[in-house]
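Residue-level listing of the chains:
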Amino acid sequence: MTLAPSPLERLSRARSDLRLGVPVVVSEAGEGAVVLAVETLTAERLADLRGLGAPELVLTARRAETLKARAYDGDLARIAVPDDEGATWLKAMADPADDLRVPMKGPFRSLRDGTADLHRASIRLAKASHLLPAAVVVRLADAARLAARYGLTAVTVAEVADDDPTVLHPVVAARLPMAAAAAGRLHVFRPDSGAEEHYAVEVGRPDRGQPVLARLHSACFTGDVLGSLKCDCGPQLRAALAQMGEAGAGVLLYLNQEGRGIGLANKMRAYALQDQGFDTVEANHRLGFEDDERDFRLGADILRQMGFRSVRLLTNNPKKIAMMERCGLQVVDRVPLRVGLTAENAGYLATKAAKSGHLL
């Protein structure tokens, strides 16, 4: 029967459940655990979890480094939740908003017995849900029975860890006259994962047999819409479209990967940390994220579906060039895009050059 949800559909449900504060079950090779995201955890559900077993807090190694907790598993830390600590303590462990006011939250009892595959899957689910990368995990011998009893979404470690690129499906394309070019079309692509849609702005009628002037632009609500002076995203967006309009052809891929893939809420958390004196990379690390959590394979997939095989890439980021070439698209030229420098974002741009390798 095809009426039952597929593994991909169950993963989409799991992400939604975690955002709602509903537990999910993760299993592997006969082992299982019930998982809740710390950000949406309630005192009532934490009490219910404690009725099942000993809760463990899982954090990324980046967040653990800030807290001075031992990350015995390399990429993450498993920490025993003290019996006298509740949801407030757990949220403070996950969210660095109060780190300067309350720098010492330990001592911690880091765990190292057994494998961390269930915990690693939990972190991956939290990140995919655009929540803080922290989860409460309770190991269970009968996790599948618990899922069936309470109607909880159940996924496997292998399903969560699947790193195959998201499959995008074209939904619709329509004519869109723009200030940059009267001859424009907007293409909408929908991922089969149930995540955000992505867009391709086609300027003019680019020749599919020739390298197309292209840009991979990540959504930036604050810069693109509000005109934020903290970044150069808005000026880059407008400059790229203007350059394509002047050239008579081009494709701008607008990828919904806000905040380098961590989502708008976490991006605002990073902004709050920057106001405390941390740079953009340090802020991401204190939140528990890597420098950049985006997946640029999405852009390569869209370009291939549109019939392009080579590009002249508008970018200052060498990583985008390397990714396009790994995905089978030839980058015949890098076209610099140096615009948008302000007094407010000078430090941000310097950090991108020094720590992320941008050519500025």
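Residues numbered from 1 in each chain as written. Predicted model: local features only at pLDDT ≥ 70, side-chain atom pairs only at ≥ 80, totals over all residues. Heavy atoms only, no water.

- Under the annotation held in an unreviewed UniProt entry, the protein carries the name GTP cyclohydrolase-2 and is attributed to Neotabrizicola shimadae.
- Within the UniProt record for the protein, the comment given under Catalytic activity (unreviewed entry) is "GTP + 4 H2O = 2,5-diamino-6-hydroxy-4-(5-phosphoribosylamino)-pyrimidine + formate + 2 phosphate + 3 H(+)".
- Looking at the protein in UniProt, the text filed under Pathway (unreviewed entry) is "Cofactor biosynthesis; riboflavin biosynthesis; 5-amino-6-(D-ribitylamino)uracil from GTP: step 1/4." (UniProt positions renumbered as here; feature names shortened; annotations may be inferred.)

## Re helix 13 (residues 297–305)
- Considered for burial, the residues of helix 13 that qualify are Leu298, Gly299, Ala300, Asp301, Ile302 and Leu303.
- Trailing helix 13 by a residue or two, Gly307 shows a phi angle of about 100 degrees, which is positive. (Buried < 20%, exposed > 50% of the residue type's maximum accessible area, 1.4 Å probe, protein only. Helix = DSSP H or I, 4+ residues; strand = E, 2+ residues; numbered from the N terminus.)

## Digging into the pairing of strand 9 (residues 184–191)
- Two strands pair when backbone bridges link them, and strand 8 (residues 168–175) and strand 9 are joined in this way by seven bridges, in the antiparallel orientation. Considered in strand 9, the bridge of Ala173 is made with His187.
- Here strand 9 pairs with strand 10 (residues 198–204) via six bridges, running antiparallel. Among the inter-strand pairings, His187 is bridged to a residue of strand 10, identified as Ala200.
- Here strand 9 hands over to strand 10 after six residues, with Gly194 in that stretch at a positive phi of 80 degrees. (Pairing = 2+ DSSP bridges.)

## Topic: the environment of Thr88
- Here Thr88 lies in helix 4 (residues 87–94).
- Along the backbone, Thr88 and Gln257 are 169 residues apart, and their C-alpha atoms lie at a distance of 30 Å.

## Thoughts on the nonpolar core
- Of all hydrophobic cores here, the largest spans 37 residues; its most connected members are Leu57, Leu90 and Met93.
- Broken down by element, the residue count for this core peaks at five residues, all from helix 4.
- Ignoring anything within four residues of it in the chain, the contact list for Leu57 reads Val38, Ala77, Arg78, Ile79, Val81, Trp89, Leu90, Met93 and Ala135.
- Formed by 23 residues, the second largest nonpolar core is a distinct cluster that contains Ala200, Phe296, Phe308 and Met324. (Core = buried A, V, L, I, M, F, W, Y, C linked by side-chain atoms within 4.5 Å. Contact = heavy atoms within 4.5 Å.)

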